[in-house]
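# Analysis of the macromolecular model
Read off the chains here:
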Amino acid sequence: MAFMTVQTAPFDDQKPGTSGLRKKVKTFQQAHYLENFVQSTFNALGDCRGRTLVVGGDGRYYNQTAIQIILKMAAANGFSHVWVGQSGILSTPAASCIIRKYQAFGGIILSASHNPAGENGDFGIKFNTANGGPAPESITSSIFNNSLEISEYLISDSDDIDLAEIGLQKLDGMTVEVIDSVTDYAELMAQLFDFEAIHGLLTRGDFRMRFDAMHAVTGPYAKAILEKRLGAPEGTVINGVPLPDFGEGHPDPNLTYAEELVAEMFSKHAPDFGAASDGDGDRNMILGNNVFVTPSDSLAILAANAALIPAYRGGLKGVARSMPTSQAVDRVAEKLGIEAHETPTGWKFFGNLLDADRATLCGEESFGSGSNHIREKDGLWAVLFWLNILAVRGLSVAEVVNRHWQEFGRNYYTRHDYESIPTEQAQALMQHLENQLSDLPGRQFGGRTVDYADNFSYRDPVDDSVAEKQGIRIGFKGGDRIIYRLSGTGTEGATLRIYIESYQADRNKQHQDTQQALGDLIELADQLAMIHDFTGRTAPTVIT
Ligand code: G1P
Ligand code: ZN
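Quick caveat: nothing in here was measured; it's all calculated off a predicted structure.

## Examining the packing of helix H10 (residues 295–305) against helix H13 (residues 379–393)
At a minimum axis separation of 11 Å, H10 and H13 run at an interaxial angle of 55°. Here H13 runs oblique to H10, going by the angle between their axes. Taken as a pair, H10 and H13 cross one another with a handedness that is left-handed. Facing Ser298, Ile301, Leu302 and Asn305 of H10, the residues of H13 in contact are Trp381, Phe385, Trp386, Ile389 and Arg393. Looking at the contact of H10 with H13 residue by residue, the classes come out as 6 nonpolar, 2 polar and 1 charged.

Next comes the structure, spelled out in structure tokens:
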């Protein structure tokens, strides 16, 4: 067995997006493609000798092949110890948990989140630092710069590791430790939540829940925690076996893609609680009997009820939400007298706030929420948080939501996505909006006055780093908003996301249909962006 230096040439498309590098499987399968990115990552970290690493992924097609390559490269680059999830499986939150628990130098997570998987689907890779969170921009841009100049990479020619067998193995001088994918994560959850109360709720006979793992990574986690540990009846978890192509589904837990669960939760004999998670287990969707909780409301409700949860009984230090997420949680923060931060889209922007203890709970409108227990968003954590609230308060999901609106008001909220638009069209549309920004403040549209219009820029309060052009915001007096941005995670053309929000304090007006309540703002958003003229589209592809 020996280490080899392999000559290579750069690829020009290895710039990490909102969450790592995501490309078609076929792109990753090109000779040297994955290797170039991994070496560029190791080079960005400096001297890797003696360092430790966590490696795992969401189980999608190419996961194990990629892991074998990464292990051989880690050995050749001098890493001394690597923890790998059994069969290559680690949900994103579990990987974050394990990096922190074993004080690893960092981790490589293989996932393209909810993007479709399989031979013709997507693959992804990202690096997380020692705090368990996604690498900050300083590291991702250094990875990208390295990828543009790379001329060789290091790899061992030793045999593959047996990823199915738990225990220690050697790969040249490096120790590979295959660990159970679920145990450490499940232990952490048991420390955070009142498992006894949740056990009581799930076994009392008149409470039914359904969890849809969408044939992706959370199946084994949900079964171990909800069914085995917390006593939920077998069958509570559906689509619980992770498949390399996610059963040809699109494991994005929203009203469009989690159709099986949504149909059941909006049926006549719906369960009391429904939830789903995504490809890599960091997203969540929360439903009650015939109700859907928007992720923005969910974050606000978690914050307002945090004192009921053992881990957060001592109080929250602050909350943080991504800019397009509704401002519902800000109202809770105001009442609690804690800081509320507004960050650009992407979990990596929460890392500094969590590390500096300036935020305890964080969330995004894109079905992501989490806390300082790890440095990623966490799907099952949100589900357990909700179960803990329901168990302690003895209310239904609808009652919890309605009481929240009565107390804080309701932020009607929707996101309209236009997927796979040709990139030039999307850019022209954004430029058209950008050109209008300076003229908009003060203008009136159907009774609303524009308060501000800008392209969001964020200065991190901890390290003063600045992220510019993070989305176009049109804010109206009174708090209503329209926001436009282009997705940073897609792999085909561009995806335009439009986020629309309107606040309603009047209790008698809090029960309208969301699309109707926001109808005039939706129309205005359409007009200002001239969506049809630029894209030829007459309707969004996905509405959440
Ligand atoms: C999307 C979401 C964003 C999330 C990211 C990773 O990114 O909008 O909130 O952090 O996926 O899960 P986007 O495609 O909008 O760049
Ligand atoms: Zn995800």
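## Brief notes about the sheet that holds strand E3 (residues 52–57)
The mixed open sheet is built from 7 strands, whose spatial order is E2-E6-E5-E3-E4-E9-E8. Each end of this open sheet is capped by a strand with a single partner; those strands are strand E2 (21–24) and strand E8 (167–171). The mean angle between the axes of side-by-side strands here comes to 20°, regardless of whether they run parallel or antiparallel. Here strand E5 (residues 106–110) runs beside strand E6 (residues 122–129); their pairing, made up of 5 bridges, is antiparallel. Counted as the bridge partner of Ile109 is Lys126 from E6.

## Brief notes about the sheet that holds strand E21 (residues 448–455)
If you trace the 7 strands from one edge of the open sheet to the other, you get E20-E21-E24-E25-E26-E19-E27, paired in antiparallel fashion. Two strands lie at the open edges of the sheet, namely strand E20 (444–445) and strand E27 (542–543), each paired on one side alone. Note that E21 and strand E24 (residues 472–476) share 5 bridges and pair antiparallel. By the bridge assignment, Ala453 is partnered in E24 with Ile474.

## Some thoughts on empty space enclosed by the protein
The tally for this structure, following the rule as stated, stands at 3 cavities of 30 Å³ or more. Lining the largest cavity are 14 residues; nearest its centre among them are Gly20, Lys126, Phe127, Ala135 and Thr140. Sorting the residues of the lining of the largest cavity by element identifies E6 and helix H5 (137–149) as the ones contributing at least two each. The element best represented in the lining of the largest cavity is E6, accounting for 3 residues. Considered class by class, the residues forming the lining of the largest cavity number 7 nonpolar, 5 polar and 2 charged.

## Focus on the nonpolar core
Counting 72 residues, the largest nonpolar core has Phe273, Trp381, Trp386 and Leu387 as its most contacted members. If you tally residues by element for this core, the top one is H13, at 10 residues. Ignoring any residue separated from it by four or fewer positions in sequence, one finds Trp386 in contact with Phe273, Ile286, Val293, Ser298, Ile301, Leu302, Val397, Val400 and Val401. Ile67, Ile70, Leu71 and Phe127 belong to the second-largest nonpolar core, a separate cluster that totals 42 residues.

## Description of the site of ligand 1
The immediate surroundings of ligand 1 are formed by 14 residues, with Ser366, Arg485, Ser487, Gly488 and Thr489 found nearest. Here an oxygen atom of ligand 1 and a side-chain polar atom of Ser487 are 2.6 Å apart. One of the side-chain N or O atoms of Arg497 is found 2.6 Å from an oxygen atom in ligand 1. The cavity that encloses ligand 1 is the second largest pocket.

## Remarks on the coordination of the zinc ion (ligand 2)
Only Ser113 (OG), Asp278 (OD), Asp280 (OD) and Asp282 (OD) from the protein reach the zinc ion (ligand 2) as donors, at distances of 2.0 to 2.1 Å. Coordination at the zinc ion (ligand 2) comes from 4 donor atoms whose angles at the metal span 84 to 166°, giving a geometry best classed as irregular. Counting the intervening residues between successive donors of the zinc ion (ligand 2) yields the motif S-x164-D-x1-D-x1-D. In this pair, Ser113 is assigned in the loop between E5 and E6 and Asp280 in the loop between strand E12 (273–277) and strand E13 (284–288), connecting sequence segments 167 residues apart.

Criteria and thresholds
- Residues numbered from 1 in each chain as written.
- Chains lettered and ligands numbered in written order.
- Predicted model: local features only at pLDDT ≥ 70, side-chain atom pairs only at ≥ 80, totals over all residues.
- Heavy atoms only, no water.
- Axes fitted to C-alpha atoms, helices over the stretch in contact; angles between N-to-C directions.
- Helix = DSSP H or I, 4+ residues; strand = E, 2+ residues; numbered from the N terminus.
- Parallel < 35°, antiparallel > 145°, perpendicular 65-115°, else oblique.
- Left-handed = near helix turned anticlockwise from the far one by under 90°.
- Contact = heavy atoms within 4.5 Å.
- Nonpolar A, V, L, I, M, F, W, Y, C, P; charged D, E, K, R; others polar.
- Pairing = 2+ DSSP bridges.
- 1 Å grid on protein atoms, 1.4 Å probe; cavity = no way out; pocket = protein on both sides within 12 Å on 5 of 7 lines; lining within 4 Å.
- Points joined across faces, edges and corners; volume = space filled by probe spheres on them.
- Core = buried A, V, L, I, M, F, W, Y, C linked by side-chain atoms within 4.5 Å.
- Buried < 20%, exposed > 50% of the residue type's maximum accessible area, 1.4 Å probe, protein only.
- Near = heavy atom within 4 Å.
- Polar contact = N/O pair within 3.5 Å; in protein donor to acceptor, adjacent residues only side chain to side chain.
- Sits in = over half its atoms within 2 Å of the grid points.
- Donors = N, O, S within 2.8 Å, 3.2 Å for Na, K, Ca; no water.
- Tetrahedral: all angles 85-135°; square planar, octahedral: opposite > 155°, others 65-115°.

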